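Report on the structure
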Amino acid sequence: KNWRQIYLRIQKSMKIKKLSFFSGVFAVGLALSATTASAAFITGSISFSDGFDSLPSAPTSSIVSGLTAFDIANPIQVNGPTGDFAGTVAATAYDFDINALPTSFFDTGSGFSFELDSATVGSANPLNCNSQGLCTDDIQLDVSGVVSGAGFDDTLFLGSWTANASCLGGNGLCETDVTGSWSASLTATGQEVPTVPVPATLALIGLGLVGMGYKKRK
């Protein structure tokens, strides 16, 4: 009888320790996957615009509508900054290729940096010439990425980037005077940038869920 009581006490002690272990792992897993409640994310909108350092030379049947890489001119114009971007008066734009992302997009004189993570063609109108010989084309990109700044957490931004171009010619072909401009309108969402959990974090979360299930059964 005494041996049986000793055995039961040992077994009970082992179960309590196991339960404490799984509960601890569960807490760690959830802590690692949780978002910081006090995060200071960026909010506001800002627009940029200007021209290009280079465009396809005449004769050409496309100016901007067929491009995937863009050679941006500096300095650029800053328009309508709001929210945390208020007061921004200067910025730098970077050349970018929609097939080589992520890449630097814009830096502002107020200390914000935009990294372009995604750029997809929303629309592209091919070169069209009217009866007076004026030809135009355009392209619009849906863009998103990360905006960062001192004192803020990295924040998701969404927006659009549009280019318009013109030349003189006819029958869908530029002959002279190729020119173009672009504009970008970006909004910081005030939200965390979506991330994919690393394997170690996923493993801890899995152990935590196992611990929760074990605790529920007991």
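Relevant structure appears above.
So, a few notes on the structure that sits alongside this text.

Analysis parameters
Residues numbered from 1 in each chain as written. Predicted model: local features only at pLDDT ≥ 70, side-chain atom pairs only at ≥ 80, totals over all residues. Heavy atoms only, no water. Helix = DSSP H or I, 4+ residues; strand = E, 2+ residues; numbered from the N terminus. Buried < 20%, exposed > 50% of the residue type's maximum accessible area, 1.4 Å probe, protein only. Contact = heavy atoms within 4.5 Å. Areas by Shrake-Rupley, 256 points an atom, 1.4 Å probe, with all protein chains shown as cover. Pairing = 2+ DSSP bridges. Axes fitted to C-alpha atoms, helices over the stretch in contact; angles between N-to-C directions. Disulfide = S-S within 2.5 Å. Core = buried A, V, L, I, M, F, W, Y, C linked by side-chain atoms within 4.5 Å. Phe/Tyr/Trp six-rings, centres within 6.5 Å; stacked < 30°, edge-to-face > 60°.

Remarks on the overall build of the protein chain
Scanning the protein chain for helices and strands turns up two helices and ten strands. Mapped in sequence order, the helices and strands of the protein chain form the string α-β-β-β-β-β-β-β-β-β-β-α. Here the protein chain holds 218 residues, and 30% of them are scored as buried. Here the contacts in the protein chain between residues at least 6 apart in sequence split such that 64% fall between residues at least 24 apart. Of the accessible surface of the protein chain, which amounts to about 12,400 Å², a share of 56% is contributed by carbon and sulfur atoms.

Quick notes on the sheet that holds strand β8 (residues 134–149)
Pairing within the open sheet is antiparallel, and its eight strands lie in the order β3-β1-β10-β9-β8-β7-β6-β4. Edge strands, defined here as strands with exactly one partner in the open sheet, are β3 (77–79) and β4 (91–93). In this sheet, neighbouring strand axes are inclined to one another by 25 degrees on average, regardless of whether the strands run parallel or antiparallel. Two elements, strand β1 (residues 43–51) and β3, share three bridges in a ladder whose sense is antiparallel. Across the sheet, F48 pairs through a bridge with V78, a residue of β3.

Quick word on unusual backbone geometry
Excluding glycine, most residues fall at negative phi; most peptide bonds, likewise, are trans. Residues A58 and P59 are joined by a peptide bond in cis, for which omega reads 0 degrees. Tracing the chain through its elements places P59 in the loop between β1 and β2 (69–70). Cis geometry marks the peptide bond from L101 to P102, where omega comes out at 5 degrees. For P102, the position within the fold is in the loop between β5 (96–97) and β6 (103–108). In the Ramachandran plot, N171 falls in the positive-phi region, its phi being about 55 degrees despite a non-glycine side chain. Looking at the secondary structure, you find N171 in the loop between β9 (155–170) and β10 (173–192). The class of N171 is exposed, set by a relative accessible area of 84%.

Quick look at the state of the cysteines
Counting across every chain of the model gives two disulfides. What pairs with C129 in a disulfide is C135, and their sulfur atoms sit 2.0 Å apart. Sign of the S-S torsion, about 105 degrees for the bond between C129 and C135, identifies this disulfide as right-handed. Along the protein chain, the cysteines that take part in disulfide bonds pair up as 1-2, 3-4, counted in sequence order.

What to know about the nonpolar core
F48, F105, F106, F114, W161 and W182 are the most contacted members of the largest nonpolar core, which totals 38 residues. Among the elements that line this core, the one with the most residues is strand β7 (residues 112–129), at six residues. Apart from the residues within four sequence positions on either side, F114 is in contact with I46, F48, F85, S104, F105, F106, D107, T108, V146, V147, F157 and L186.

Some remarks on the environment of S131
Take S131: it is sitting in the loop between β7 and β8. S131 sits 40 residues away from N171 along the chain, and the two C-alpha atoms are 9.3 Å apart.

So, the side chain of Q140
Position of Q140 relative to the elements: it lies in strand β8. Sequence-distant contacts of Q140, that is, excluding residues within four places in its chain, are made with T120, V121, G122, S123, S160, W161 and T162.

Details of the packing of aromatic side chains
When we look at a pair of aromatic rings, we describe it by the centre distance and by the angle of the planes. Taken as a whole and assessed by the stated rule, the structure comprises 15 aromatic pairs. A centroid spacing of 6.4 Å and a plane angle of 75 degrees characterise the contact between F52 and W161, whose relative ring orientation is edge-to-face. With a gap of 109 residues between them, F52 in the loop between β1 and β2 and W161 in strand β9 connect regions that are remote in the sequence. A ring pair is formed by F106 and W182, whose centres lie 5.9 Å apart and whose planes are at 35 degrees; its orientation type is tilted.

Overview of the pairing of β6
Bridge analysis of β4 against β6 gives three bridges, and the strand direction is antiparallel. The partner of A91 across the bridge, within β6, is T108. Two strands pair when backbone bridges link them, and β6 and β7 are joined in this way by four bridges, in the antiparallel orientation. Paired with S104 across the bridge in β7 is E115. From the end of β6 to the start of β7, which pair antiparallel, there are three residues, and G111 there has a positive phi angle of about 100 degrees.

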